[in-house]
Amino acid sequence: MASENVKEFTSGNWDQEVVKSEQPVVVDFWAPWCGPCRALAPTIDRVADQYAGKIKVGKLNVDDSQDLAVQYGITNIPQVLIFKGGNQPKERIVGLTSERDLVKVISRVLES
């Protein structure tokens, strides 16, 4: 991962890093073999840098954490879920998205 502000989420750290997080959390569900996922990675890195200290940004490899992919109904990747105060996502973005659109959704969650 290119940005130091992007964390790696796993089944092992999910509760601590996402569910119990004091800050909103942006989770990029991805896999190394997924072309659109790799295309989204620089956008995720930029958003993580832009919002450093305000939100937590991380990636979850669906191949390594299939239990979480199933729990959140991830059937297509990339998929970005935004959590705020719990284990249910406040927003869901399916597929490759622009930085502008991702920032709009993050701003909406931050204001809620």
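Scroll up for the structure.
So, here's what we can say about the structure. All values reported here derive from a predicted model rather than from experimental measurement.

Bringing the nonpolar core into the picture now. In this structure, Trp 14, Val 27, Phe 29, Tyr 72, Ile 74, Ile 77 and Phe 83 are the most contacted members of the largest nonpolar core, which totals 19 residues. Of all elements in the fold, only α1 (14-19), β2 (25-30), α3 (66-71) and β4 (79-83) reach the threshold of two or more residues within this core. The greatest single-element share of this core, amounting to four residues, is contributed by β2. In contact with Tyr 72, not counting residues within four places along its chain, are Trp 14, Phe 29, Leu 81, Phe 83, Asn 87, Pro 89 and Arg 92. One finds Val 6, Ala 48, Ile 55 and Val 105 within the second-largest nonpolar core, a separate group that totals 17 residues.

Relative to the helices and strands, Val 25 is located in strand β2. In the structure, Val 25 is positioned 59 residues away from Lys 84 in sequence and 6.4 Å away in space, judged by C-alpha atoms. In this structure Val 25 touches Phe 9, Glu 17, Val 18, Lys 56, Leu 81, Ile 82 and Phe 83, once residues within four positions along its chain are discounted.

Between its first and last C-alpha, helix α4 (residues 99-111) extends 18 Å over 13 residues, near the 18 Å set by a 1.5 Å rise per residue. What α4 keeps buried is the set Leu 102, Val 103, Val 105, Ile 106 and Val 109. All buried residues of α4 lie within an arc of 165 degrees about the axis, which places them on one face of the element. Those residues of α4 that are exposed and angled more than 90 degrees off the buried face are Arg 100 and Glu 111.

Evaluated as defined, the whole model comprises six aromatic pairs. When the centroid spacing of 6.4 Å and the interplanar angle of 55 degrees are considered together, the rings of Phe 29 and Tyr 72 count as tilted. Of this pair, Phe 29 sits in strand β2 while Tyr 72 is found in the loop between α3 and β4, placing the two residues 43 residues apart along the sequence. For the pair formed by Phe 29 and Tyr 72, the shared burial category is buried. We note Lys 59 situated over the ring of Trp 30; from NZ or CZ to the ring centre the distance is 5.0 Å.

Thresholds applied
- Residues numbered from 1 in each chain as written.
- Predicted model: local features only at pLDDT ≥ 70, side-chain atom pairs only at ≥ 80, totals over all residues.
- Heavy atoms only, no water.
- Core = buried A, V, L, I, M, F, W, Y, C linked by side-chain atoms within 4.5 Å.
- Buried < 20%, exposed > 50% of the residue type's maximum accessible area, 1.4 Å probe, protein only.
- Helix = DSSP H or I, 4+ residues; strand = E, 2+ residues; numbered from the N terminus.
- Contact = heavy atoms within 4.5 Å.
- Expected span 1.5 Å × (residues − 1).
- Arc of directions from axis to C-beta.
- Phe/Tyr/Trp six-rings, centres within 6.5 Å; stacked < 30°, edge-to-face > 60°.
- Lys NZ or Arg CZ within 6 Å of the ring centre and 35° of its normal.

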